[in-house]
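# Inside the fold
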Amino acid sequence: NKEEDVKTIGYAKHLSLMSAINYITLYLDKILLFNFAGPAQLAIYYFVVLIPEQISAITGNINTLAVPKLALKSREEIKANMMKKVWKLAFLAGVIIISYIIIAPYFFKIFFPQYLNSIPYSQVFVLTLISLPTSIIGVIFQAKMMKKELYLSKITVHSARIVLFAILIPIYGIWGIITAEIGVSVLSLFLTLFLFRKF
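Below, the structure is looked at part by part.

What counts, and where the lines are drawn
Residues numbered from 1 in each chain as written. Predicted model: local features only at pLDDT ≥ 70, side-chain atom pairs only at ≥ 80, totals over all residues. Heavy atoms only, no water. Helix = DSSP H or I, 4+ residues; strand = E, 2+ residues; numbered from the N terminus. Rg over C-alpha atoms; globule rule 2.2 N^0.38 Å. Buried < 20%, exposed > 50% of the residue type's maximum accessible area, 1.4 Å probe, protein only. Contact = heavy atoms within 4.5 Å. Lys, Arg positive; Asp, Glu negative; His and termini not counted. Charge placed at Lys NZ, Arg CZ, Asp CG, Glu CD. Salt bridge = Lys/Arg side-chain N within 4 Å of Asp/Glu carboxyl O. Patch = residues over 30% accessible without salt bridge, like charges linked within 9 Å, V, L, I, M, F, W, Y side chains within 5 Å. Areas by Shrake-Rupley, 256 points an atom, 1.4 Å probe, with all protein chains shown as cover. Axes fitted to C-alpha atoms, helices over the stretch in contact; angles between N-to-C directions. Nonpolar A, V, L, I, M, F, W, Y, C, P; charged D, E, K, R; others polar. Polar contact = N/O pair within 3.5 Å; in protein donor to acceptor, adjacent residues only side chain to side chain.

Moving on to the overall build of the protein. A tally of regular secondary structure across the protein gives nine helices and zero strands. Starting at the N terminus, the α and β elements of the protein follow one another as α-α-α-α-α-α-α-α-α. Taking 199 residues into account, the globule formula puts the C-alpha radius of gyration at 16 Å, and the protein, at 18 Å, falls close to it. The 199 residues of the protein split such that 40% are buried. Summarising the internal contacts of the protein: among those between residues at least 6 apart in sequence, 81% fall at separations of at least 24. With 19 positive and 9 negative side-chain charges, the protein shows a separation of 5 Å between the mean positions of the two kinds.

Structure (structure tokens):
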């Protein structure tokens, strides 16, 4: 249809700015790891994150499909049913994490036998998926044009990521990145739940 909502243009600019904040940290871990640990460790790290990041991307794409439906619902309708969905996603995340920890050694032996030293790193890195259950809440903030909550969550999480990377990567290398990412995932989980309580 030809209906236009003037609010969406300004909102789209805010979303673009938020995306820019995200891109600042997107490659920071790899840049720091390359400079402090060298190309060999960076190559290992690429295989560490390969599958967990693909799983995260798939769930993100699925959540995005929910935006139009959520935009049409009232806040009361959303809040009444959302925690049930969060708990279901929590169960799903738990199944994915445990399954990956079990399967990873066999997966690497079959497909990446030259990177078997990536296995323990990857088995721990998959714990970053603990924030998956609240990813749908982030979609709600987006669907309802909640700029304050989106800015607060993104700036807080990405600032924490930058600080943790700067401190931990020079000292611990790959384990520093993994520790930082798990810490950021925990922060994102609790911050998103806190903001949703005020929804």
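It is worth spelling out the pattern of salt bridges at this point. In this structure the tally under the stated criterion is two salt bridges. In this structure, Lys 30 and Asp 29 form a salt bridge, with 3.7 Å as the shortest nitrogen-oxygen distance. Measuring nitrogen to oxygen at the nearest pair gives 3.1 Å for the salt bridge that ties Arg 161 to Glu 181. On the criterion of sequence distance, the pair formed by Arg 161 in helix 8 (residues 147-172) and Glu 181 in helix 9 (residues 174-197) is long-range, its members being 20 residues apart. Using a relative accessible area of 14% as the deciding quantity, one classes Arg 161 as buried.

With that settled, consider a positive patch on the surface. Taken together, the side chains of Lys 69, Lys 84, Lys 85 and Lys 88 present a region of like positive charge at the surface. When residues in the positive patch are grouped by element, the largest group, three residues, is from helix 5 (residues 75-111). Structurally, Lys 84 is set in helix 5. Owing to a relative accessible area of 57%, Lys 84 belongs among the exposed residues under this scheme.

Next up on the list: the packing of helix 2 (residues 28-37) against helix 3 (residues 39-64). Here helix 2 crosses helix 3 at 145°, and the two axes come no closer than 7 Å. Across the interface between the two elements, Asp 29, Lys 30, Leu 33, Phe 34 and Ala 37 from helix 2 touch Pro 39, Gln 41, Leu 42, Tyr 45 and Tyr 46 from helix 3. Here the contact of helix 2 with helix 3 is composed, by residue class, of seven nonpolar, one polar and two charged.

So, on to the side chain of Thr 128. Position of Thr 128 relative to the elements: it lies in the loop between helix 6 (119-125) and helix 7 (135-143). Accessibility expressed as a relative area gives 11% for Thr 128, which makes it buried. A polar atom in the side chain of Thr 128 sits 2.8 Å from the backbone oxygen of Phe 125. When neighbours within four sequence positions are excluded, Thr 128 is seen to be in contact with Glu 181, Ile 182 and Ser 185.

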